[in-house]
Amino acid sequence: MTSLATLPAFLGHFALGILLLVGAVTVHMRLTPHDELALIRGGNAGAAITLGGVVIGYALPIGSAISHSFGVLDAALWSVIAVVAQQGASLVCTRVLLPDWRAALEQRGELAGSVLKGAVAVAVGLLNAACLTT
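Please read all numbers here as calculations on a predicted model, not as lab measurements.

1. A look at the packing of aromatic side chains
This structure, assessed with the given rule, holds one aromatic pair. Measuring from ring centre to ring centre gives 5.7 Å for F10 and F14, while their planes differ by 15°; the resulting arrangement is stacked. On the criterion of helical spacing, the pair formed by F10 and F14 is a turn pair, its members being four residues apart in helix α1 (residues 7-31). Exposure remark for F10: the relative accessible area of 48% places this residue in the partly exposed category.

2. Some remarks on the nonpolar core
Counting 13 residues, the largest nonpolar core has L16, A24, V54, Y58, I62 and V83 as the members making the most contacts within it. Counting residues per element, this core draws most heavily on helix α3 (residues 45-67), at five residues. Apart from residues no more than four positions distant in its own chain, V83 is found in contact with A24, Y58 and I62.

3. Some words on empty space enclosed by the protein
Summed over all chains, the structure comprises one cavity of 30 Å³ or more. Space inside the largest cavity adds up to approximately 90 Å³. In this structure, the largest cavity is lined by H28, V54, Y58, Q86, A89, S90, C93, K117, V120 and A121. Elements that contribute at least two residues to the lining of the largest cavity include exactly α3, α4 (72-97) and α6 (112-131). The element best represented in the lining of the largest cavity is α4, accounting for four residues.

Each value, and the rule that gives it
- Residues numbered from 1 in each chain as written.
- Predicted model: local features only at pLDDT ≥ 70, side-chain atom pairs only at ≥ 80, totals over all residues.
- Heavy atoms only, no water.
- Phe/Tyr/Trp six-rings, centres within 6.5 Å; stacked < 30°, edge-to-face > 60°.
- Helix = DSSP H or I, 4+ residues; strand = E, 2+ residues; numbered from the N terminus.
- Buried < 20%, exposed > 50% of the residue type's maximum accessible area, 1.4 Å probe, protein only.
- Core = buried A, V, L, I, M, F, W, Y, C linked by side-chain atoms within 4.5 Å.
- Contact = heavy atoms within 4.5 Å.
- 1 Å grid on protein atoms, 1.4 Å probe; cavity = no way out; pocket = protein on both sides within 12 Å on 5 of 7 lines; lining within 4 Å.
- Points joined across faces, edges and corners; volume = space filled by probe spheres on them.

Structure, rendered in structure tokens:
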């Protein structure tokens, strides 16, 4: 069956993608000044919206890096570059656009800032992914 000849390459790239995504989200959660998973487990919808956007925002450029790379090392390198750019955008969004977001999320349970932060993460991820195709 020749259609399964590329299965090992698929599995390698898929594993790399999952590893990079888990790594990116882990780095994000360590740089975030609050425990997003604890907030989500406690029923905080804003934390879930934000983290969901962050996961999608990271998956887009990682997927693009993998699909446009010349191999596993190339994909990993460009994914790391994309993750750094993505984290920078998240930092700017939090510091410049939403300086009170943490209190709004943790103490007041407000969703507006979380929706914006999640949307920015997805939008920047999409732009980031597009830039990896040039």
